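# A look at the structure
Spelled out from the first residue to the last, the chains are:
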Amino acid sequence: MSASHASYIKPGIVLDMVKSIIPELTTDLHKGMMGRVVVVGGCKEYTGAPYYAAISSLKLGADLSHVFCTEASAPVIKSYSPELIVHPILDHSDVETEADQWLARMHAVVVGPGLGRDKTILEHAKDGLHLVTEFPDVVRGYKKAILTPNVVEFSRLYNKLFNEQPDRSEPIVCLTKVCRELGNVTIVQKGEVDIISDGENVLVCSNEGSPRRCGGQGDLLSGTMGTFTHWAHTAQSKGIDK
Ligand SMILES: NC(=O)C1=CN([C@@H]2O[C@H](COP(=O)(O)OP(=O)(O)OC[C@H]3O[C@@H](n4cnc5c(N)ncnc54)[C@H](O)[C@@H]3O)[C@@H](O)[C@H]2O)[C@@H](O)CC1
Ligand SMILES: Nc1ncnc2c1ncn2[C@@H]1O[C@H](COP(=O)(O)OP(=O)(O)OP(=O)(O)O)[C@@H](O)[C@H]1O
């Protein structure tokens, strides 16, 4: 299927789509129902990235926000906020067992902010996009997966899958091609204009953002997306999303 068959969603309805999935706060809710999100990230060099992602998920409206990070980064991340639940497990040899007992309770997992490139940590936890670029089968066919590459990360992924650089003059064609190759995962390709697709639908978000390009904006996006993802799936299960 070529990109010309993809259906395009009008940008103007984005806000309505988002509003339609925000759950109503009612007195019968109990702690956790608005979202239990875990951010997997945080290493010696990067403690801000997982903090930004985790605190964003909470500030948007999730009830509980966890961070899986390394031993060294844990006290730093904890000191930024008492609201985060911080697990220093990523450099433990039994990380999978330790993580599994928590993962089963989570609504959304945000993998990548500040994981760094330490080989041991990557073997244990994997930098989200680095992992997908190295081993695309990890997400292939998992339609709930959302990847949020910046331009350079997208090029690396495209190159891995098709052994060539993406044609920058045809961003939508290239994006839908990658989504389909990975079994219709959703990709948010970030840039001046964000292009979002699952290989079938394409949403181009050209709302003006900040012209400042400081680090951490992708982390805010990934954290809020963790909460929105839970809300979207809940709305979908109730048949109330757009
Ligand atoms: N305070 C923190 O702890 C922060 C940690 N961060 C972490 O830092 C690590 C490295 O992140 P990087 O984003 O530097 O990743 P990379 O090391 O993969 O570098 C990406 C490169 O692509 C470039 N780039 C991005 N968009 C581009 C465009 N449209 N055109 C041309 N070049 C473009 C960037 O300038 C950057 O040099 C990650 O683990 C990340 O999570 C960052 O999230 C920033 C904040
Ligand atoms: N040139 C641009 N103009 C306006 N907005 C942009 C531009 N590039 C990216 N953005 C916006 O900034 C947000 C973060 O994208 P960015 O490319 O900075 O991610 P990143 O490099 O992964 O971030 P991080 O520093 O957190 O790792 C996205 O939501 C995107 O819409």
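One structure accompanies this document, and this report is about it.

Cut-off values and rules
- Residues numbered from 1 in each chain as written.
- Chains lettered and ligands numbered in written order.
- Predicted model: local features only at pLDDT ≥ 70, side-chain atom pairs only at ≥ 80, totals over all residues.
- Heavy atoms only, no water.
- Helix = DSSP H or I, 4+ residues; strand = E, 2+ residues; numbered from the N terminus.
- Contact = heavy atoms within 4.5 Å.
- Phe/Tyr/Trp six-rings, centres within 6.5 Å; stacked < 30°, edge-to-face > 60°.
- Buried < 20%, exposed > 50% of the residue type's maximum accessible area, 1.4 Å probe, protein only.
- Lys NZ or Arg CZ within 6 Å of the ring centre and 35° of its normal.

Turning our eyes to something else, we now look at the side chain of Gln 189. Position of Gln 189 relative to the elements: it lies in strand 7 (residues 186-189). Excluding residues that lie within four positions of it along the chain, Gln 189 makes contacts with Pro 149, Val 151, Phe 154, Pro 171, Leu 175, Asp 194 and Ile 195.

This part takes up the packing of aromatic side chains. Within the structure shown, the criterion is met by 5 aromatic pairs. Considering the side-chain rings of Tyr 51 and Tyr 52, the 5.7 Å spacing of their centres and the 55 degrees angle between planes classify their relative orientation as tilted. Residue Tyr 51 is classed as buried on the basis of its relative accessible area of 18%. Relative accessible area serves as the criterion here: at 38%, Tyr 52 is assigned to the partly exposed category. On the basis of an interplanar angle of 65 degrees and a centroid distance of 5.2 Å, the ring pair of Tyr 51 and Tyr 80 is categorised as edge-to-face. Highlighted residues: Tyr 51 in helix 2 (residues 48-60) and Tyr 80 in helix 3 (residues 74-80), separated in sequence by 29 residues. Using a relative accessible area of 38% as the deciding quantity, one classes Tyr 80 as partly exposed. Aromatic ring contacts, followed pair by pair, group Tyr 51, Tyr 52 and Tyr 80 into a single cluster. Above the face of the Trp 102 ring, Arg 105 is positioned so that its terminal group lies 4.6 Å from the ring centre.

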